[in-house]
Structures are given as structure tokens and as C-alpha cells.
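Understanding the architecture of this molecule
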Amino acid sequence: MERRGYVYKWLSYTLVSLLFILIQCFGLVHLRVWGVHPFIFPVLVSTVAALETAHESAIYTLALGLLMDLTMPGVLPCFYTVAFLVVFVVTQLLSAKVLSWPFFCCMLCGVLSMVCCSGLSTLFLQAKADFAPLSALMLLGKELLLTLPLMPLVYLPMRKLRRVFDRE
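What comes next is a walk through the structure. Remember, it's a predicted structure, so these values are computed and weren't measured experimentally.

Our next topic: the pattern of salt bridges. Note that side chains of opposite charge can pair when their charged atoms are close. Throughout the structure, instances matching the rule amount to three salt bridges. Of the charged contacts in the structure, one is a salt bridge between Arg162 and Asp166, with a shortest N-O distance of 3.0 Å. Linking Arg162 with Asp166, this pair stays in helix H7 (residues 151-167), spanning four residues, or about one helical turn. With a relative accessible area of 42%, Asp166 lands in the partly exposed category. Through salt bridges that share partners, Lys9, Glu52 and Glu56 make up one connected network.

Shown next, in the form of C-alpha cells:
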């Protein structure tokens, strides 16, 4: 693929990601069930990391993590960047070595990305305050149940973009 193709490809990924960021920030945060809302940012990272090459998706991961850290107050400074890098590494290992079917790989990596982000958040919260691990597991379970139906909706446009640009 020539340089222009890469620019269009990643501009398209950026626009689709921006759409999901707006959906998360203006829609999903108001959808509260059991006191939590769906959280699709780790799913975005794991989906792109599973579909694209390591170099390209690493830049995407860093950019999205930095954007989240700058616009959303996290548990610690650079929390999302670190959490998304962990998600990226896990996803790259699974997609390259274990699973070859893109849909199942993205769904499994989406679940693992939620677990990674929640686990890191729990570790950081325990370091800052008294936080019960059981309540963290309950929070993860609720968030995961709410986010699970949205994972295919994240996968489908990203997969479509990959197919469009891989044909060129």
C-alpha cells in the first residue's frame, strides 16, 4: 500500500474511533444499569490491535491512551496509556500466536482488555485507598455484561475498514 493509502486508512480508523468516543462520552455514560455503564475504550484498542499489524496498532494504542489521559481524569496520570499498552501486548500475543479467526479473536481480546483495565484500576485503587477486591470483581462483572453486546458493534466497522483498505 502506498503512503496515501496509509493516510486514508488511519484517517478512517481515527474517524470511526472518534465516533465511538462520542458515543461513549455522550451516550453510554448515561446508560446506567446496576450503577455502572458500558466502557468501550479498551475494546477499541483490542479490536484494532487484533486486526492490524503490531507497528501500526501500537501507534494507535499510544495515541488513544494519550487522548484518554488528557481528556479524562483517570486513577493516575498516564493510566490509560499504560493500561492500553498492556491490552495491546496481550492482544498481539493472542492474535499472532493463538487465534486465527478475527471475530473470535476480537471478542476474546475485548473481554481480556476489560479484565486488564479493571485489574490495573483495582491495583491502583488499592494503592490509594481501602478498596475491597470483591467489589472490584463485581464492578468488572457488571461492566463486562453491559459491554459484551457492544463488542460486535465495535468490531464490524473496524473489520469493514480493514477489508476495504486491504483490497487496494
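Enumeration over the complete set of coordinates arrives at eight aromatic pairs. Note on Trp10 and Tyr60: the rings are 6.1 Å apart at their centroids and 40° apart in plane angle, and the pair reads as tilted. One end of the pair, Trp10, is in helix H1 (residues 3-26); the other, Tyr60, is in helix H3 (residues 54-71), and 50 residues separate them in sequence. Tyr60 shares its class with Trp10; the two are buried. Judged by centre distance (5.4 Å) and plane angle (70°), the ring pair of Phe79 and Tyr80 falls under edge-to-face.

Thresholds, definitions, all that
Residues numbered from 1 in each chain as written. Predicted model: local features only at pLDDT ≥ 70, side-chain atom pairs only at ≥ 80, totals over all residues. Heavy atoms only, no water. Salt bridge = Lys/Arg side-chain N within 4 Å of Asp/Glu carboxyl O. Helix = DSSP H or I, 4+ residues; strand = E, 2+ residues; numbered from the N terminus. Buried < 20%, exposed > 50% of the residue type's maximum accessible area, 1.4 Å probe, protein only. Phe/Tyr/Trp six-rings, centres within 6.5 Å; stacked < 30°, edge-to-face > 60°.

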